[in-house]
Structure formats: structure tokens, C-alpha cells
Amino acid sequence: MKRLLYFLKKSFDVFDKAMKEDSTSFIRKQLEEEENIFALITMGIFSGIPSPPTGIVLRILPHMSREISIMIKRSANLDDVFGEIMGTFNVD
Amino acid sequence: MSSLIVLIGAAFYIVSYFTYGKSLERNVVRADGSTPTPAIRLRDNVDYLPAHKFVLFGHHFASIAGAGPIVGPAIAVVWGWFPALLWVWFGNLFIGSIHDYLSLMASVRYDGKSIQYVSGKLMGESSKYIFEVYVYFTLILVVAAFMGVFGALASKSPAILTASTLFMVAALIEGQLLYKTKLPFWLSSAIGVALTILSIVVGFLWPFINVPSLNTLYWLQFIYIIFAATLPVWFLLQPRDYLNSYILWGGVIIATIAAVIAFRGFSWPAYTGFSAKVISGQPSPFWPTVPLVIACGALSGFHSIVGSGTTSKQLDNELSGLFVGYGAMFMEGMLSTIVITSIGAFGLVVFQGFADKIAAAGFDLAKMSSDATYFGQVGAAVINSKDVGIGGALGIFTKSFGQLLNVIGVPVKLGITLGGLWASAFILTTLDTTNRLARYAFQELVEPIKKVSKGLHGFLTDRWVASILAAAFGFFLIAKGGNAYTALWAGFAGANQLLASIAMLTAATWVKNVQKASTGMLAAVLIPAFFLWITVFSALIWFLVKVVPATTPVLQVILGGFVVIMLVLDVFLVINFFKNYNQGKKATAKA
């Protein structure tokens, strides 16, 4: 009985997590977009967008390693953005 | 009989998974548990993030299962429940599940890139563009077909219209609870679920919304999708999709239990004839037109995009791919099996409830019960007749579903409202997401215009212009197309199946040139790919010759134009396939 209850609890946890995962994919997409804007604001100086001042950019640079690596990866995926959006905003 | 069909269906899927599915995993994909997937190799906790296989299965299934696997089989049963069931089962086994699994795994081997990107790499860049054109046409036709399906249902049921409207309010409240209050997650979820149940109960007991005319319903949907698609996702789309998952899983679990313990014989004819009048009142030969009716329940091109767009970036292990990609398609087939079972067992009971109106509309119900051929000729007309008032394909499903749930003690009308909310919630979410997607797709499609005229390009890619254009096209097609939702549904399904055929041809090229599979295993992919291509191509020619001329001038021009363009592009696609098929390994994927 105890094992059965444990199994049911585990199953419910997985089920619950799957539903959250499914619905939070939309929010994750929005987060990605916001990260892109954030990266543009904070690192735009590297691509010629004069904001913010270079001194500030250089000072925050050591804290931006994760963002930089994500942006490099995203820039490599720019020719495949639509597939990802289709995957998130599914139709069926 | 109902119990037997559900149990045979479940056994069929389980056996197929462990035999055919495992063989594909071993001999075609050669899945290797020790090879890190993109979710592991490229993990950044944002785009690439490994998920437990059960969690990913649930997420993937909820993404691929919408209103499609319900509506298609509910239209196709006019051929009889048996051919519809056969197409769902064998379409699943030989095409749909292979299509989903190989799209997912090809994407995994290409760093989680989408199938359209892979098709561009393996079959030339123009294949990628053709893919995008199909996607755009499919999205417009989805808007038109789903507006029509929802209109047909809601215009005949104040209960469902009330429940759907209240459910939208519940989703708005859920969004505020989740993101604007500090309530614990479990509590806001519980309140959301309670509000969903309340919507169903209020719709059932006090259907206070008067049903407007069909045209007003189309206008309301048009305005709704324009605004819904521009709202932030947390406001309506995300909380509604979250609550939708409870309805989906709740509906599947309750319906499965009811179908298994119903022990009900099938009164619906098993087979009504090869050329029953299914699509737009025309005699529709089962082959090749069945994929124009049953799309998502048997196979769907959209699945390849979902699988390769996001699921492939979350797959934790190559060995989980079969369970997620292949298994979720089987689960969707099981959902369609339950739809067919409920109509097979209770569809004629529903007809008997409308006996007077059926007789008044000039149909002979007694003859329908005894003469299968007659049923095939008039079945769709009865289901779709405004005078009879069943409410179209979704009407027959929801009413049969209500009868099915009555087996476990749920009042029929409550069951009907639940079934109606199940379908309508997915349709409304789909309309919202479709318009967002159509905007993106259109912006990609008109990219070449940028070189010719920057001003025109800027105008066309404006957020509002791109958004209104897709919604207006869809609205125009259904509102000025004489409410011909079965014709529009067939157009949508045809475009969707062409997408699937591109994905299958891409998969075949990948299996031959990159995976170097044996001739036998290659045939397991190549034969279904060509079978699908020939079937859909022939079906669309039939559609163009037989159905389009019988529609309104608006549909003749727009829908006919879409079909002609798709057929021409389809020829280019197959030329691309043959050009690239024998060129050996072109891309850098890891075999």
C-alpha cells in the first residue's frame, strides 16, 4: 500500500511537472526575448550601438560571461528562429 | 464492442512500440545512450535544458494534441467507423510515428535545429522556402477552418458558448493569480482548476449567453484573435494553455475509463461506402482523400516542427527519443481512437435525439440505421445541417462524448459541456497562437521584398499589418466562403500533410545519406514517404477538380489559388529530393 501511494505521488509529480513545463514554454520564450533586449542594451557597444558608455560595459563584462555565451549561440541560430517559435506556439 | 476496440487499440500500440519502434531505434536511428544530446552538450538552462523523459513526454504530447485529432476523425466517421479507425492506426504506425520520431532524432543530430533547417541542408535551400510557404498557407487555413468548426458548434449550443466565455475569464484571473499575486503556485493552480470546473457547471446549469448569428460569431472570433495575439503571453495565452492541459488530461482519462467499462455495441455503420459524401457534400473516395480529413490523429506535419523546434533541445538522452517522439504520436492515435469509439457507440443515439428535426429536414433516420450506403450519402449533411442543429463534426463528438460519460454517471448535458469546452478551449488557443505564428511566417516569407522595396517590406512586416492580414484572410475565407468548413478543413489538412511529406522526404534523405541504413530499413521510411506524397498530391488534385469549383467564388479564387501554388511547389520539392537523394552525405550531422 505504501509503495502504491509512493508510486501515485511520483506519477502525479511527473504529471504536474509536465504540465508546468508545457505552459511555461511560452514564458521562457518571452524571457529569451527580454534577454536579447538586455544583451543589446548592455553589450550593444560591441556592435556599434552607443549605449551604455564603454567604461560601464567594461566594468560589467566579467559578470556577463553567461549572457555572452548564450548570445553567441543564438547568433549562430539566427537562420532557424522560426522553427523554434513554431515549436513553442504549437498548432494542432 | 467499445471496450474491445479501446483495448485492441491499446494492445496494438504497445506491441508496435516494442517491435517496430524498437527496430527503428536500433537499425535506423542507432540511438546511443552514451552520446550526449544537444540538451547536455549545449546546455545553457534557457534554450537547451535536459528534461526527464516522462516530463518531456507530457509536454510534447500536450503540444501536439489539440482539436485536430478530435475534429478529423469526427468528420471521417461518415465513411464508417472501421475505415476511420484503420487509417488512424495504420497511418500512425507506418507514417505518423516514424515521421515524428525521425524528425525529432534528425534534429537531435543537427544540434537541435528545426526540420525545415535540416531539409534546407539535405534537400537544398529552396526546400526550406517551400516549407515556409506551406506553413503560411496552413496557418491561414487553420484560422478559417477552426473559426468554422467553432462557429458550427457554438451557434448550436449556448451551454458551450457560455462555458467557453467563462473559461476565458477564468484564464485571465489565473494569469493575474500566477503573476501578480504572491499566492503559492499550488493554490493559484487549485483556484484555476476550480474556476474551470465552475465554467463547465455554469454553462451546463445556466447557459446565459444568447447565441448570436453565425456571422457575428465569425466577427467576434476575428476581433478576438487580433487582440489575443497582441497581448503578452502571461496575460491570457499561457494561463489558458496551462488550464487546457488539465482539461486535456482529465478528458483523456475520464473518456478512457468510460470507453473501457461501457461494454457498448457499435450502432454506427462500420462501412458506408468507398465514396461517401464526406468533404463538402461531394462523393469523396476514401483513397486518396482520407488525409484531407484525418490529419493530426494519424499524422501531422506540425509535429515535425514541434519535435524539432523545442523538444529536441530538451531531450536528455538519445534513448528517450523513442518514448517521447514515437510514443506521444501513439498516445494521440489513442485519443482519436476514443473519439471514433464514442461516436461509433453513441452517434446514432445522438441522431435519435434529433429524430424530429432530421425527418423535418427531409432525411430518413430509419433508413440511415438500416442502409449503410444511404448513411454514407446523407450522414455528413445531417451532421452539418443548420436545421437539424447537431452542430457539425464537433457537435456529433461532444454529444456522443456526453453519452459516453453518462456510462460513469455524469449527466449527459454536463458531459456535452465538458466535451465542448475541451474542444473549444483548444480551438481558441490555436487561433491565438496561429495568428502569432502567421505573423512571424509572413515576415520570413516577404524577406526577399526587402531588396526590391524597403518601404513595402517595412509596411508588410509591421506587427499589426502582418497580424491582421492572416486573421483577415482566414475570416474572409470562412465568412464569405458559405460556411464551408469541411472544404476549408480539407484544405488545411492537405497543406498540413504536405508539410509531413517534406519532413518524411527529408527523413528519408537523412536515413540514406547520413545514417546509411540497410535497404530494408530505408524502405520502411521511403515507402511511407512516397505513399504519403502520392496520396496527398492526388487528393489535392481531386480537391481542386471536384470540391473547389463547387464552392463560392471567394473560395474558388483564394482556396483554389493556394492549392495550385502548393501543388506546383510540391513538384519542385520532389525534384529537389531526387537531385539530392543520391548525392551522399552533404551535411555535417553526426551519424
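In the block above lies the structure referred to throughout.
Residues numbered from 1 in each chain as written. Chains lettered and ligands numbered in written order. Predicted model: local features only at pLDDT ≥ 70, side-chain atom pairs only at ≥ 80, totals over all residues. Heavy atoms only, no water.

(A) Inspection of the overall build of chain A at higher detail. A count of helices and strands for chain A gives 4 helices and 0 strands. What you see in chain A, going N to C, is helices and strands ordered as α-α-α-α. For 92 residues, the compact-globule estimate of 2.2 N^0.38 gives 12 Å, and chain A exceeds it by more than 25% at 20 Å. In terms of overall dimensions, chain A has a C-alpha envelope of 65 × 35 × 20 Å along the principal axes. Relative to its 92 residues, chain A shows a buried fraction of 39%. Within chain A, counting contacts between residues at least 6 apart in sequence, those at least 24 apart form 53% of the total. (Helix = DSSP H or I, 4+ residues; strand = E, 2+ residues; numbered from the N terminus. Rg over C-alpha atoms; globule rule 2.2 N^0.38 Å. Buried < 20%, exposed > 50% of the residue type's maximum accessible area, 1.4 Å probe, protein only. Contact = heavy atoms within 4.5 Å.)

(B) Region of the structure containing the interface of chain A and chain B. Contact residues are listed per partner, giving 37 residues for chain A and 55 residues for chain B. Here chain A and chain B share an interface that buries about 4,200 Å² over both sides, 64% of which is from carbon and sulfur atoms. Across the contact surface, chain A and chain B share 0 salt bridges. Listing elements by their share of the side of chain A that touches chain B, those giving two or more residues are helix H1 (2-43), helix H3 (65-76) and helix H4 (81-88) of chain A. When grouped by side-chain class, the residues that make up the side of chain A that touches chain B number 13 nonpolar, 9 polar and 15 charged. (Buried area = accessible area lost by both parts, 1.4 Å probe. Salt bridge = Lys/Arg side-chain N within 4 Å of Asp/Glu carboxyl O. Nonpolar A, V, L, I, M, F, W, Y, C, P; charged D, E, K, R; others polar.)

(C) Representation of the environment of Thr216 of chain B in the model. Residue and element names in this part refer to chain B. Checked against the element boundaries, Thr216 lands in helix H10 (residues 214-228). Exposure remark for Thr216: the relative accessible area of 34% places this residue in the partly exposed category. Measuring from C-alpha to C-alpha, the distance between Thr216 and Val410 comes to 33 Å, with 194 residues separating the pair along the chain.

(D) Representation of a nonpolar patch on the surface. Residue and element names in this part refer to chain B. There is a patch of nonpolar side chains on the surface, built from Ile253, Ile257, Ile261, Phe263, Val407 and Ile408 and spanning about 550 Å² of accessible area. Among the structural elements, Ile408 can be located in the loop between helix H18 (392-406) and helix H19 (412-445). On the basis of relative accessible area, Ile408 is assigned to the partly exposed category, the value being 34%. (Patch = residues over 30% accessible without salt bridge, like charges linked within 9 Å, V, L, I, M, F, W, Y side chains within 5 Å. Areas by Shrake-Rupley, 256 points an atom, 1.4 Å probe, with all protein chains shown as cover.)

(E) Seen up close, helix H14 (residues 321-353) of chain B. Residue and element names in this part refer to chain B. For H14, with 33 residues, the first-to-last C-alpha span of 46 Å sits near the 48 Å given by 1.5 Å per residue. Within H14, the axis deviates most sharply at Phe346, by approximately 50 degrees. By the criterion of burial, H14 is predominantly enclosed, with 29 of the 33 residues buried. (Expected span 1.5 Å × (residues − 1). Bend = angle between axes of the 7 residues up to and from the residue.)

(F) Just the environment of Ile257 of chain B, in detail. Residue and element names in this part refer to chain B. If you trace the backbone, Ile257 turns up in helix H11 (residues 237-262). Among the residues examined, Ile257 registers a relative accessible area of 45% and is labelled partly exposed. Remark: the alpha-carbon pair of Ile257 and Lys399, spanning 142 residues in sequence, is separated by 18 Å.

(G) Structural context of helix H4 (residues 68-76) of chain B. Most of H4 of chain B is tucked away: 9 of the 9 residues are buried. All of the buried residues along H4 of chain B are Gly68, Pro69, Ile70, Val71, Gly72, Pro73, Ala74, Ile75 and Ala76 of chain B.

(H) Spatial organisation of the packing of H11 of chain B against H19 of chain B. Residues and elements named next belong to chain B. H19 packs onto H11 with a crossing angle of 145 degrees between their chain directions and a minimal axis gap of 10 Å. Relative to H19, H11 is oriented so that their crossing is left-handed. Contacts from Leu237, Arg240, Asp241, Asn244, Ile247, Leu248, Gly251, Val252 and Ile254 in H11 reach Leu418, Leu421, Trp422, Ala425, Phe426, Leu428, Thr429, Asp432, Thr433 and Arg436 in H19. Each residue belonging to the contact of H11 with H19 can be placed in one class, and the counts come to 11 nonpolar, 4 polar and 4 charged. (Axes fitted to C-alpha atoms, helices over the stretch in contact; angles between N-to-C directions. Left-handed = near helix turned anticlockwise from the far one by under 90°.)

(I) Up close: the nonpolar core. Ranked by size, the top nonpolar core spans 229 residues in total, and within it Leu102, Phe351, Trp422 and Phe543 of chain B carry the most contacts. Counting residues per element, this core draws most heavily on helix H7 (residues 125-154) of chain B, at 21 residues. (Core = buried A, V, L, I, M, F, W, Y, C linked by side-chain atoms within 4.5 Å.)

(J) Quick look at the pattern of salt bridges. Under the counting rule described, the total for this entry stands at 8 salt bridges over all chains. Arg66 of chain A is paired through a salt bridge with Glu35 of chain A; the nearest N and O atoms lie 3.8 Å apart. Pair noted here: Arg66 of chain A is in helix H3 and Glu35 of chain A is in helix H1, with a separation of 31 residues, a long-range link. For Arg66 of chain A, a relative accessible area of 37% gives the class partly exposed. With a closest N to O distance of 3.6 Å, Asp432 of chain B and Arg240 of chain B form a salt bridge. Here Asp432 of chain B is found in helix H19, whereas its partner Arg240 of chain B is found in helix H11, with 192 residues between them in sequence. You'll find Asp432 of chain B and Arg240 of chain B in the same group, each marked buried. Members of the salt-bridge network, linked through shared partners, are Glu35, Arg66 and Glu67 of chain A.

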